[in-house]
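Each chain is listed here by its residues.
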Amino acid sequence: MPAHTQARLRRLLQDLLSPAILSALVLTGCLGVTAALWHSASSDAEQDAQADFDGRVRELVNNLDQRMQTYIQVLYGVQGLFASSESVGRDEFRTYILGQELNRHFPGVHGVGFMKLIGPHQREEHEAMVRRQGFPAYRVFPPGERAWYAPIVYLEPFSDNNRLAFGFDPASEARRRITLEQARDSGQPAMSGSIRLVQESDKLVQSGFLIVLPLYNHGQPVATLAQRRAAINGWVYAPFRVGDLMAGLGGPRAAALDVEIYDGDAIAPSALMYDSAANAQGKQRTTRQQISIANHRWTLRISMLPGPASARSDKAQQIGLFGVSLSVLLACLTWLLARGRVRAREGLQRSSTLTEELKEGQSTLMVLADSAQRSQAMLRSILDSTIDGILVDNLKGTVLNSNRRFRELWNVPEHLDWQSDGAVLMSHMSAQLRHAGSGLRLDEPAQLTLPGVQRGTPFEEEHEVLHLKDGRVIEKHTRGLQLGSEPARIWSFRDITERTQIEQREQTRRHVLELLATGAPLQTILESVVLGVEADNEDMLCSILLLDESGEHLLVGAAPSLPAFYNAAVHGLTIGKGMGACGQAVVTRNRVIVEDIRSAPSWAEYRDIALQAGLVSCWSDPIFSASGTVLGTFAIYHRDARLPSMANIALIEQGARLAGIAIEQAQAAVALRAGEARFRSLYDHAPVALWEQDWSAVRGALAELELSGVEDLEGYLQANPSQLRRLASLVRIMDVNAAALEQVAAPPGRKDLGALTLAQNFDATAMPNFARALTALARGQHFFACEGSFERLDGVARLNELTLLVMPGHTHSLDFVIVSTLDITERRRMNDELRVLATTDFLTGLSNRREFMGRLQEEQGRLQRDIGACAAVLLLDIDHFKRINDEYGHAAGDAVLRQLADLMRDGQRKIDMLGRIGGEEFAILLPGTDLDAAAVFAERLRQRVEQTPMQLNTGAALGITVSIGIAAMGGNYPAGDSALIRADQALYCAKRGGRNRVELMDVEADRPGHQVPAASG
């Protein structure tokens, strides 16, 4: 380029790089970097804020759900109180509720109450009865005629505020009445919609709601809707104020949230029940959540209230301010430096002389020469260290350079003079190729004519794969480059033999596996192996010979490229000396290489047939099974004499291994099909009912529950029967055997899987067992066993014993579950009958002596664990019972014993234990009863027996009396057998005192003869 042109370009560059432009570029670049950093920090702050908001929302919703579930459990406890007693008095109800400490443990609950169901004609009688209990102003309100009433009879704590609801009839209001009817018909807890509680004052009105649980009459069935409506006795309920319920919920983290609660599924002003921050402005982010409580749905709209900026947000602002300041500072410094450089350059230009410029030029040339020498040495070191072979020529038949790896790949001898004549090198390389004329030339006109390079156009790259005679595969790349002012070309060679073999092996293996999967014949599979090896080795002829079952003969398994007459000649030949390379490979269990069959002694017997087939060399490798047994041989033939290269040895080893895999897999497939047929026969004719089920859809539903935050799976399913039923409906029955069809009473000769559901394993009453089984299998257990009940197809309920087995390999998918069931209905009935016979007195139906003594021992253990507990034991004996047998006969005596047992049952509590321990002697265990209360119970029983005539079989009436002895248990009183002995002593005191009386022993009863009478008749 002319000097004046260079000077002009220099001046133009200096003008472009003026101080103002440079400082502007620096300022722009720094501001761009600052903007990127600020945006990244802002994005991180936004993500953190969103994650914090989601965590606060999830925590608040979970706390609300857990709090409501806890309140429902309180109502279940009250329901259990009513279920455990025939009648719950007001004092007993108050004691129980006050023990719960509602104000301390259950915020938001106004109290817990009891609504009594009364008919339309019972209202006045009900009001009179309550007024007699100490409430003279009691009335059922609001007034009006209704089909039924449900006034609030009990409400604790009975504060001034709750007194406003005493006597209120929720059935008078439609929303409350619907809630009562829903609980009555379903038997489950029900929650009302948004209401105003009767207790609310006019000043601070909050939205409220009720949760009710039904109470049914004891002993009446409640299985159907009609039965539940007939058996309803009342409801236990709890009133709630939404504001009090939400107070303190979620802790400090929830204080930053604006929580709006809407009744139902829609967000509407009329449905708003609660708003924690009604006048809040500038809400940042909002989410909508839904929660189902006692079969009623709430919709929650939760928003984030404005708050102080996070640390990450402050960091983004700091980055922005600091980045802008630093950018301005750097721009100023750049301007100052650029301005100083301009001034220095101007001074240098003025002070420099021509001599100094010449000296500087000479020094520069010397430095460049030294740098060029170092660069050339470094380039040579780099070229010799590369894994590719590199060759450079000048497109005119002269080789300019090459590296060490190139000479190793092409086996270039040291004495070869290829640098002066590149054609010699190309001839040496072409001689090693399997196919001549592959394009390895330096003087071809098409390659010499490169006008595009002369004009500066890049040389078009070329790619070619070269196959060498020794089995190697080399990948060649060529591309043009400019060396100074002359065009040149660079050649790159890479050995891809191993990669090619791996790809070919993988392709052949996939094809073999596809044939194995489709059940192709063994010969077809072996031919695929042979053809796969021959595909990239055209001069190879391969064969696979198989060892027969006797191990003495070789059979042709696959040899598609060998002549048919040759295959026929070697098929079935006996293994021994002189039978060629394949026979030797089997005998020696090693690879046999025969370079030239024409001169090999081992081929003497078969040399003529081999030469007739055009085979000159043979390499044979034994085929081994996984256990090391010889299965046959893999052989490679050539039509000329040659020894294998390392690539050929790897190829023959590969073919032998793949053939061994194919043979073993084919043999295993045959054995597997036979085993499957035997298993199917055993499965269909097994005497145990077998069910093949797919639980994969259940597994997916469980994953969704886990993502929703459910941790205690079994507890959640037990508390949500609807979810449990939904999961049960997802189980797919894939197959059953004949025993299973017979067990569920399916029509004979038909297998209608569509008619079968999980109810034939777990019916509605056995759903808790299904929940436990589901939990066990979801946790990774392979096995679960339980007892339960199932429903046959004809609607009959039966008992069964189930075993669930997850097949190995399917634990994480649950798509293959084997269930075996055994009908144990008759066995259970027989066991129940035997248990009744073993524990019950056959005459009176009471517990026998063994059962009573066992219960007495259990009570003794309970008293030892609870020091403050107490109990009492009663022994009673019929007075003059022998006279009854003597005068009226033993049949009359038996009738008296049965009727006495019935009288004892009439006054029995659920926790009491009655027993006949011998003859006319009976025993009663009263848990939780002290001596005074036991004396009252015994006296009442004695009077009832005395006042109730016994009806004999002849129609006559007979009056009897009993003597009763009482002993205490617990505290300072000895328990167990000692208590029974002391009760017996008290009984004899009663008899000695004149019979028909009650005697009890106090703590001083250890001294014989000390009695404390209770009441006498």
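Q: In this structure, what is going on with the pairing of strand β8 (residues 286–293)? I would like to understand it.
A: If a strand is regular, its side chains alternate between the two faces of the sheet. In this sheet, strand β9 (residues 296–304) lies alongside β8 in antiparallel orientation, the contact comprising 8 bridges. Within β9, the residue paired with Ser292 across the bridge is Arg297.

Q: I keep staring at the sheet that holds strand β18 (residues 592–594) and nothing clicks. Help me out?
A: The pairing of strands in a sheet comes from backbone hydrogen bonds and takes either a parallel or an antiparallel form. With antiparallel pairing, 6 strands are arranged side by side in an open sheet as β17-β16-β15-β20-β19-β18. With partners counted over all chains shown, the strands left at the sheet margins are β17 (573–574) and β18, one partner each. Examined bridge by bridge, β18 and strand β19 (residues 617–624) share 3 bridges and lie antiparallel to one another. Bridged to Ile593 within β19 is Trp619.

Q: What am I meant to see in unusual backbone geometry here?
A: Excluding glycine, a negative phi dihedral is what most residues carry, and trans is how most peptide bonds are arranged. Here the amide bond leading from Phe141 into Pro142 is cis, since omega sits at 0°, within 30 degrees of zero. Relative to the elements of secondary structure, Pro142 occurs in the loop between α5 (123–132) and β2 (152–156). In this chain, Glu156 is followed by Pro157 through a cis amide linkage whose omega measures -5°. One can find Pro157 in the loop between β2 and α6 (160–163). Unusually for a residue other than glycine, Arg589 sits at a positive phi of about 60°. Residue placement: Arg589 occurs in the loop between α20 (581–588) and β18.

Q: Please explain the packing of aromatic side chains as it appears in this structure.
A: By convention here, two paired aromatic rings are described through the distance between centres and the angle between planes. Evaluation of the coordinates by the stated rule reveals 19 aromatic pairs. For the pair Phe209 and Phe240, a centre-to-centre distance of 4.9 Å together with 10° between the ring planes defines the contact as stacked. Linking Phe209 in strand β4 (residues 208–216) with Phe240 in strand β5 (residues 232–241), this pair joins segments that are 31 residues apart in sequence. Each of the two residues, Phe209 as well as Phe240, counts as buried. Judged by centre distance (5.6 Å) and plane angle (80°), the ring pair of Trp410 and Phe493 falls under edge-to-face. One end of the pair, Trp410, is in the loop between α13 (404–409) and α14 (422–430); the other, Phe493, is in strand β14 (residues 486–495), with 83 residues separating them in the sequence. The pair formed by Trp410 and Phe493 is uniform in burial state, with each residue classed as buried. Through a chain of ring-to-ring contacts, the aromatic side chains of Tyr71, Phe209, Phe240 and Trp298 assemble into a single cluster.

Q: How should I be thinking about the sheet that holds β9 in this particular structure?
A: Strands sit in the order β7-β6-β9-β8 across an open sheet of 4 strands; the sheet is antiparallel. Every interior strand has two partners, whereas the edge strands, β7 (272–275) and β8, have only one. With direction set aside, neighbouring strand axes in the sheet form an average angle of 20°.

Q: Would you explain the pattern of salt bridges in this entry?
A: Under the definition given, this model contains 42 salt bridges. Notably, a salt bridge pairs Asp52 with Arg56, separated by 2.6 Å at the nearest N-O pair. With Asp52 and Arg56 both in helix α2 (residues 19–83), this residue pair falls 4 residues apart, about one helical turn. In this structure, Arg241 engages Asp244 in a salt bridge whose closest nitrogen and oxygen atoms are separated by 3.4 Å. For Arg241, a relative accessible area of 15% gives the class buried. One network of salt bridges, in which partners are shared, links Glu787, Glu801, Arg827 and Arg828.

Q: Looking at this structure, I do not really get the pairing of strand β12 (residues 462–467). What am I missing?
A: Looking at chain direction, β12 and strand β13 (residues 473–483) are connected through 6 bridges and run antiparallel. Note that in β13 the partner of Leu466 across the bridge is Ile474. Between the antiparallel neighbours β12 and β13 lie 5 residues, among them Gly471 with a positive phi of about 95°.

Q: Teacher, can you tell me more about the side chain of Thr287 here?
A: Its place among the elements puts Thr287 in strand β8. When its relative accessible area of 19% is taken as the criterion, Thr287 is described as buried. At a separation of 3.2 Å, a polar atom in the side chain of Thr287 contacts the side chain of Gln289. Apart from residues no more than four positions distant in its own chain, Thr287 is found in contact with Phe53, Val57, Leu300, Arg301 and Ile302.

Q: Could you clarify how one ought to interpret the packing of helix α31 (residues 890–906) against helix α32 (residues 931–947) in this entry?
A: In a pair of packed helices, the angle between the axes and the distance between the axes together describe the arrangement. At their nearest, the axes of α31 and α32 sit 10 Å apart, and the two run at 140° to each other. Taken together, the axes of α31 and α32 lie oblique to each other. Every pair of crossing elements has a handedness; the one defined by α31 and α32 is right-handed. Between α31 and α32, the residues in contact are Leu900, Leu903 and Met904 and Leu941, Arg944 and Val945, respectively. Split into classes, the residues belonging to the contact of α31 with α32 amount to 5 nonpolar, no polar and 1 charged.

Q: It is not clear to me how the nonpolar core should be interpreted in this structure. Could you clarify?
A: One broad rule of soluble globular proteins: the nonpolar side chains tend to lie buried together. Residues Leu64, Phe82, Phe209, Met246, Ile261, Trp298 and Ile302 are the most contacted members of the largest nonpolar core, which totals 48 residues. With 13 residues, α2 is the largest single contributor of residues to this core. Among residues more than four places away in sequence, those in contact with Ile302 are Phe53, Val57, Leu60, Val61, Leu257, Asp258, Val259, Arg285, Thr286, Thr287 and Gln289.

Q: What's the story with a nonpolar patch on the surface in this structure? I'm lost.
A: A surface patch of nonpolar side chains, amounting to about 670 Å² of accessible area, comprises Phe322, Leu326, Leu329, Leu330, Leu333, Trp335 and Leu336. With respect to the element layout, Trp335 can be found in helix α11 (residues 311–351).

Q: What am I meant to see in helix α7 (residues 174–186) here?
A: Residues separated by three or four positions in an α-helix point in the same direction, a consequence of the helix having 3.6 residues per turn. Under the 1.5 Å per step criterion, the end-to-end length of α7 is 18 Å for 13 residues, consistent within 8% with the ideal 18 Å. Elements that come into contact with the buried residues of α7 comprise β1 (112–116), β3 (190–191), β4, α8 (225–231) and β5. Among the residues of α7, the N-terminal cap falls to Glu173, whose side-chain oxygen and the backbone nitrogen of Arg175 are separated by 3.0 Å.

Q: Sorry if this is basic, but what is going on with helix α25 (residues 721–729) here?
A: Of the residues making up α25, those classed as buried are Leu724, Leu727 and Ala728. The arc enclosing the buried residues of α25, seen along the axis, measures out at 100°, which places them on a common side. With respect to the buried face of α25, the exposed residues turned more than 90 degrees away are Arg725 and Ser729. The elements touched by buried residues of α25 are α23 (696–707), α24 (713–719) and α27 (767–778).

Q: Honestly, the packing of α23 against α25 in this entry has me stumped. Any pointers?
A: Contact geometry for α23 and α25: axes closest at 9 Å, N-to-C directions at 145°. Relative to α25, α23 is oriented so that their crossing is right-handed. Taking contact as the criterion, the partners of Val698, Ala701, Leu702 and Leu705 in α23 are, on α25, Gln723, Arg726 and Leu727.

Rules used throughout
Going along each chain's sequence as written, the residues are numbered from 1 onward. pLDDT decides what is reported in this predicted model: residues at 70 or higher carry local features, side-chain atom pairs at 80 or more are listed and counted, and totals for whole chains, interfaces and linings draw on all residues regardless. Processing note: side-chain calculations cover all non-hydrogen atoms of the structure and skip hydrogens and water entirely. By this definition, two strands are paired if DSSP reports at least two bridges between them. Each helix corresponds to a stretch of at least 4 residues labelled H or I by DSSP, and each strand to a stretch of at least 2 residues labelled E; elements are numbered beginning at the N terminus. Side-chain rings of Phe, Tyr and Trp, where Trp is taken by its six-membered ring, are said to pair if the distance between their centres is within 6.5 Å; with planes under 30 degrees apart they count as stacked, over 60 as edge-to-face, and otherwise as tilted. Exposure is judged per residue with a 1.4 Å probe applied to protein chains only, and the accessible area is read against the type maximum: over 50% gives exposed, under 20% gives buried, and values in between give partly exposed. Working convention: axes come from line fits to C-alpha atoms, limited for helices to the stretch in contact. Angles between N-to-C directions cover 0 to 180 degrees. Salt bridges are identified by distance alone: a Lys or Arg side-chain nitrogen within 4 Å of an Asp or Glu carboxyl oxygen. Here a polar contact is recorded for every N or O atom pair within 3.5 Å, except that within protein the pair must consist of a potential hydrogen donor and a potential acceptor, and residues adjacent in sequence are included only if both atoms are side-chain atoms. The contact rule is simple, with two residues in contact once any of their heavy atoms fall within 4.5 Å. Oblique is the label for every angle not falling under 35 degrees (roughly parallel), over 145 degrees (roughly antiparallel), or within 65 to 115 degrees (roughly perpendicular). The sense of a crossing depends on the near helix, which, turned anticlockwise from the far helix by less than a right angle, makes the crossing left-handed and, turned clockwise, makes it right-handed. When residue character is reported, Ala, Val, Leu, Ile, Met, Phe, Trp, Tyr, Cys and Pro are called nonpolar, Asp, Glu, Lys and Arg charged, and the others, Gly included, polar. The definition of a nonpolar core used throughout is a set of buried Ala, Val, Leu, Ile, Met, Phe, Trp, Tyr and Cys residues joined through side-chain atoms within 4.5 Å. Nonpolar side chains (Val, Leu, Ile, Met, Phe, Trp, Tyr) are joined into patches within 5 Å and like charges within 9 Å, using only residues with over 30% relative accessible area and no salt bridge. What sets the accessible areas is the Shrake-Rupley method with a 1.4 Å probe; for residues, cover comes only from the shown protein chains. Expected span of a helix: the number of residues minus one, times 1.5 Å. The arc under discussion is defined with respect to the helix axis, by the directions toward the C-beta atoms.

In short, shape yes, function no, at least from these values alone.
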